[in-house]
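Spelled out from the first residue to the last, the chains are:
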Amino acid sequence: MSQELRRVRQARIVRVSRRLSAVMTALLLLTPAGIILYAVAFSEVMLASHPWLAGLRLPVRALPLEESALAAAALLVAALPGLWGMWELRALFRGFAAGMVFAPTSARRLRRFSLSLMASGISEPVGSLLLSLAVLRHNPPDGPHGALSVSTGDLFVVLLGVVLLVIAWVMGEAAALADENAGFV
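A.B. asks: Run through the packing of helix H4 (residues 104-135) against helix H5 (residues 152-184), naming residues and quoting values.
C.D. replies: One way to put it is that H4 packs onto H5 with a least axis distance of 8 Å and a crossing angle of 170 degrees. The angle between the axes of H4 and H5 places the two elements in the roughly antiparallel class.

Here it is as C-alpha cells:
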C-alpha cells in the first residue's frame, strides 16, 4: 500500500474516531437524563407502552413521585452496563484518534466493551423485574406484583459480546506480535 493511501486512511480513522468519541460523550450525558425525564415526566406513557410492562396491561395512570423515582432507578440500573460500554467506546475512539489503533490499550478497551455487552444482556431482564416491582408496589393483592422480561434480543446481545471478546483477544495478540516485531528492527 502506498504511503499516500495509508495517510488518507489514517486521516479518515482519526476523523471518524473523533466524531464517534463526541457522540459517545453526548450519549453518556443524555442517557441518564433522558431516563430520569422519561420515568418522572412521562410515567403514564411508560406504563402503557414500555416493552417490559406491556404484557401486564396496566391501566394508564400517572405514577406517584416515589414510584417514578423507583422506576427511574430500575431503568438506570438496567442502563449501567450500556453506560459502561459507551465509556469504553469513547476511550477506544479517543485512542484511535491519537493513532493507537493496534495497541494493547485498544484491545483492552474493546474487551471491556464486549463485557459490557454481555452484562447488558443480563441487566435487561433484571431491569424489567425491578421496573415492574417499582410500578406495582401498590397493586391490589389479586393483581401482578412483578414481571420478568427475557427476549432472544438479550441472548443476541450476549452472543455479540462473546464474538467481540474473541476479536479483542485476537487484536491483543496482534498488538503483542507487532511490538515483538518492532523489537527486531
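Next comes the rest of the account.
A.B. asks: Explain the side chain of Arg90 residue by residue, including any values.
C.D. replies: With respect to the helices and strands, Arg90 occurs in helix H3 (residues 65-97). Residues within four places of Arg90 in sequence aside, it is in contact with Ser21, Met24, Thr25 and Leu28.

A.B. asks: Can you explain helix H1 (residues 3-41)? Please cite residues and give values.
C.D. replies: Three- or four-residue spacings in an α-helix give side chains the same orientation, since the helix completes a turn every 3.6 residues. Helix length check: H1 (39 residues) gives 55 Å between terminal C-alpha atoms against 57 Å at 1.5 Å per residue, within 8%. Leu30 marks the point of greatest bend in H1, at about 30 degrees, and the proline Pro32 comes within the next four residues. Regarding H1, the residues found buried are Ser17, Ser21, Met24, Leu28, Ile35 and Ala39. Residues of H1 that are buried sit in contact with helix H2 (43-49) and H3.

A.B. asks: Help me get a handle on the nonpolar core, residues and values and all.
C.D. replies: The biggest cluster of nonpolar side chains holds 17 residues, and the ones touching the most others in it are Met46, Leu47, Leu53, Ala71, Leu75, Leu131 and Val135. Among the elements of the structure, H1, H2, H3 and H4 are those that each provide at least two residues to this core. No other element matches H3, which puts six residues into this core. Leaving out residues up to four positions away in the same chain, Leu75 has contacts with Ile35, Tyr38, Ala39, Met46, His50, Trp52 and Leu131.

The rules behind each value
Each chain has its residues counted from 1, following the order in which its sequence is written. Whole-chain, interface and lining totals are the exception, using all residues; otherwise, since this is a predicted model, local features are given only for residues with pLDDT of at least 70 and side-chain atom pairs are given and counted only at 80 or more. To get the side-chain values, take all heavy atoms of the structure and skip hydrogens and water. Only the contacting stretch of a helix is used when fitting its axis, a line to C-alpha atoms as for every element, and angles between N-to-C directions run 0 to 180 degrees. Helix and strand definitions follow DSSP, with helices as H or I runs of at least four residues and strands as E runs of at least two, each counted in order from the N terminus. Oblique is the label for any angle not under 35 degrees, not over 145, and not in the 65 to 115 range, which are roughly parallel, roughly antiparallel and roughly perpendicular in turn. Should any heavy atoms of two residues lie within 4.5 Å, those residues are counted as being in contact. By this rule, a helix spans an expected 1.5 Å times one less than how many residues it contains. Bend at a residue means the angle formed by two fitted axes: the first through the 7 residues ending at that position, the second through the 7 residues beginning there. Residue burial is assigned from relative accessible area. The probe radius is 1.4 Å, only protein chains are included, and a residue is buried under 20% of its type maximum, exposed over 50%, and partly exposed in between. The term nonpolar core refers to a set of buried residues drawn from Ala, Val, Leu, Ile, Met, Phe, Trp, Tyr and Cys, joined through side-chain atoms within 4.5 Å.

So yeah, pure geometry; function would need other evidence.
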